[in-house]
Amino acid sequence: MKNSKAKRAAYFGMAVALAFTLSYLESLIPFNFGIPGVKLGLANLVVVIALYKGGINAAFPIAVIRILLAGL
């Protein structure tokens, strides 16, 4: 039981780190759609993969933590 919790924590940590990194890299790309505030949404790929693999209980915390960290 303890091992599965450790694996889940490691998965969440890696997913948040990857989403945060993609969010940062996305801010560096000068991609202009002509509409202010429009982005590619690369960090959302990690959330979609988490949603597919673990359901809403895995994807929601990753999305919230990424948004909070990117906002800082």
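All values reported here derive from a predicted model rather than from experimental measurement. (Residues numbered from 1 in each chain as written. Predicted model: local features only at pLDDT ≥ 70, side-chain atom pairs only at ≥ 80, totals over all residues. Heavy atoms only, no water.)

## Thoughts on the environment of Ala43
Alright, step 1. Positionally, Ala43 belongs in helix 2 (residues 43–54).
Alright, step 2. Residues within four places of Ala43 in sequence aside, it is in contact with Ala19, Leu22, Ser23, Glu26 and Arg66. (Helix = DSSP H or I, 4+ residues; strand = E, 2+ residues; numbered from the N terminus. Contact = heavy atoms within 4.5 Å.)

## Let's talk about the confidence of the model for the protein chain
Alright, step 1. Across the protein chain, the average pLDDT comes to 84, with 97% of residues at or above 70.
Alright, step 2. For the protein chain, the element scoring lowest by mean pLDDT is helix 1 (residues 2–28), at 86; helix 2 scores highest, at 89. (pLDDT = per-residue confidence, 0-100.)

## Details of a nonpolar patch on the surface
Alright, step 1. Together, Ile29, Phe31, Phe33, Ile35, Val38 and Leu40 give the surface a local cluster of nonpolar side chains, amounting to about 540 Å² of exposed area.
Alright, step 2. Within the element layout of this structure, Phe31 appears in the loop between helix 1 and helix 2.
Alright, step 3. With a relative accessible area of 44%, Phe31 lands in the partly exposed category. (Patch = residues over 30% accessible without salt bridge, like charges linked within 9 Å, V, L, I, M, F, W, Y side chains within 5 Å. Areas by Shrake-Rupley, 256 points an atom, 1.4 Å probe, with all protein chains shown as cover. Salt bridge = Lys/Arg side-chain N within 4 Å of Asp/Glu carboxyl O. Buried < 20%, exposed > 50% of the residue type's maximum accessible area, 1.4 Å probe, protein only.)

## Thoughts on the layout of surface pockets
Alright, step 1. In this structure, the largest pocket occupies an estimated 150 Å³ of space.
Alright, step 2. Lining the largest pocket, in full, are Tyr11, Met14, Ala15, Leu18, Leu22, Leu45, Val46, Ile49 and Lys53.
Alright, step 3. Of all the secondary structure elements, the ones that give two or more residues to the lining of the largest pocket are helix 1 and helix 2.
Alright, step 4. By residue number, the principal contributor to the lining of the largest pocket is helix 1, which donates 5 residues.
Alright, step 5. Here the lining of the largest pocket is built from residues that sort into 8 nonpolar, no polar and 1 charged. (1 Å grid on protein atoms, 1.4 Å probe; cavity = no way out; pocket = protein on both sides within 12 Å on 5 of 7 lines; lining within 4 Å. Points joined across faces, edges and corners; volume = space filled by probe spheres on them. Nonpolar A, V, L, I, M, F, W, Y, C, P; charged D, E, K, R; others polar.)

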